[in-house]
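Survey of secondary and tertiary structure
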Amino acid sequence: MEADLDQRITELLSSKGSDRRLTQAMGYTLLNGGKRVRARLFLSLCSDLQLRLEAVEDVAIAIECLHSASLVHDDLPALDDDDFRRGKPSCHKQFDEATAILCGDALVAFAFEVLTLRLSGEQLVQSVQILSYAFVELCHGQQLDLTSHETESPEELIRIHELKTGKLFEASCALAAVMSSDNLPELQNLANIGNLMGQYFQLCDDIIDLHGSQQGRGRPAGSDLKNGRKNRVFGLSKSEVVGQCNQLESRLQHCLSEIEDQTPYTFSATREILSELEARVRAELGA
Ligand code: IPE
Ligand code: IPE
Ligand code: MG
Ligand code: MG
Ligand code: MG
């Protein structure tokens, strides 16, 4: 499903007054070279579920608004204190701290405003429930991450990843099931795929934070180390890291095949997103 999200985001933001500093910060954040993985995962699932783009495009944008809000706040001095994001100054460096705080706030509200534009009834109610739940859990995960240096067990670390990253991926996949009018109960399992995908993604992010290229990270190396954050790949050898990736990937492939067996759908576009993540981490690891 080919979507021009930039064009639609620009159109939606234009209603907010392009001369406002806040709108400029929102545009800087939303139109600044993000990979759009969560939005594209959602759109790929929608495509695999044979849905029309016009019906679901704004939901993809709402996901991206929440994700971007979390990043703007994640980079602030009180959290990760990162001056660069996507190879460019982070929002509080490009603008200022107060504007970045307000920009994050505004993006959360904007996400829900955008969600209401083309959805109604039960679909809208369920979408609001899914996204608001995910975002509160994400914030809780971010809170736990701040003290993750005290976290001893790998299980606890996985739990933090499930929250800070997995929940929005889970929501992106659960939303695709809500968009489908089929009401097949088996599609509920998509949420589980989303959570695994989120874990896989955060594992890749941790690998890139430690071992990746400057270009792959979009900022200097070792943000996690600098902040005393637990990173899932600290202390692991390259082959152990590759082993963990392979394990998550085969669980994901298995879950996708299971839903394919139970429903009339083939998740080929969704599998492409998985291959893309895999290729990225392999390239960054030089494996
Ligand atoms: C970064 O997410 C935050 C994590 C949960 C690891 P992305 O790497 O998806 O960020 P962008 O939007 O592509 O820059
Ligand atoms: C952030 O995790 C997860 C969010 C919910 C924003 P990280 O702090 O590892 O993300 P990056 O590495 O800054 O993108
Ligand atoms: Mg962080
Ligand atoms: Mg960070
Ligand atoms: Mg990181």
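Heads up: the structure comes first, above all this text.
Rules and cut-offs
Residues numbered from 1 in each chain as written. Chains lettered and ligands numbered in written order. Predicted model: local features only at pLDDT ≥ 70, side-chain atom pairs only at ≥ 80, totals over all residues. Heavy atoms only, no water. Helix = DSSP H or I, 4+ residues; strand = E, 2+ residues; numbered from the N terminus. Donors = N, O, S within 2.8 Å, 3.2 Å for Na, K, Ca; no water. Buried < 20%, exposed > 50% of the residue type's maximum accessible area, 1.4 Å probe, protein only. Polar contact = N/O pair within 3.5 Å; in protein donor to acceptor, adjacent residues only side chain to side chain. Salt bridge = Lys/Arg side-chain N within 4 Å of Asp/Glu carboxyl O.

Another aspect to go through is unusual backbone geometry. Positive phi, normally seen in glycine, also occurs at Asp81, with a value near 50°. Examined against the element boundaries, Asp81 turns out to sit in the loop between α4 (53–74) and β1 (84–85). Despite not being glycine, Asn183 shows a phi value in the positive range, around 55°. Structurally, Asn183 can be placed in the loop between α8 (154–179) and α9 (190–211).

Before going further, it helps to spend a moment on the coordination of the magnesium ion (ligand 4). Coordination of the magnesium ion (ligand 4) by the protein involves Asp74 (OD) and Asp80 (OD), with metal-donor separations of 2.0 to 2.1 Å. The distance between the magnesium ion (ligand 4) and the magnesium ion (ligand 3) comes to 3.1 Å, and Asp74 binds to both of them. By the burial criterion, Asp74 is buried, and Asp80 matches it.

The subject of this paragraph is the side chain of Asp48. Along the chain, Asp48 turns up in helix α3 (residues 37–48). At 3.5 Å, the side chain of Asp48 and the backbone nitrogen of Ser268 are in polar contact.

Evaluated as defined, the whole model comprises 21 salt bridges. The residue Arg8 makes a salt bridge to Glu11 at a minimum N-O spacing of 2.7 Å. Remark: Glu11 and Arg8 occur in helix α1 (residues 5–14); sequence separation between them is three residues, near one turn of the helix. Using a relative accessible area of 11% as the deciding quantity, one classes Arg8 as buried. Linking Asp74 and Arg85 is a salt bridge whose minimum nitrogen-to-oxygen distance equals 3.4 Å. Of this pair, Asp74 sits in helix α4 while Arg85 sits in strand β1, placing them 11 residues apart in sequence. Here Asp74 and Arg85 have matching classes, each one buried. It is possible to trace a salt-bridge network through shared partners that takes in Arg8, Glu11, Glu57, Asp58 and Arg118.

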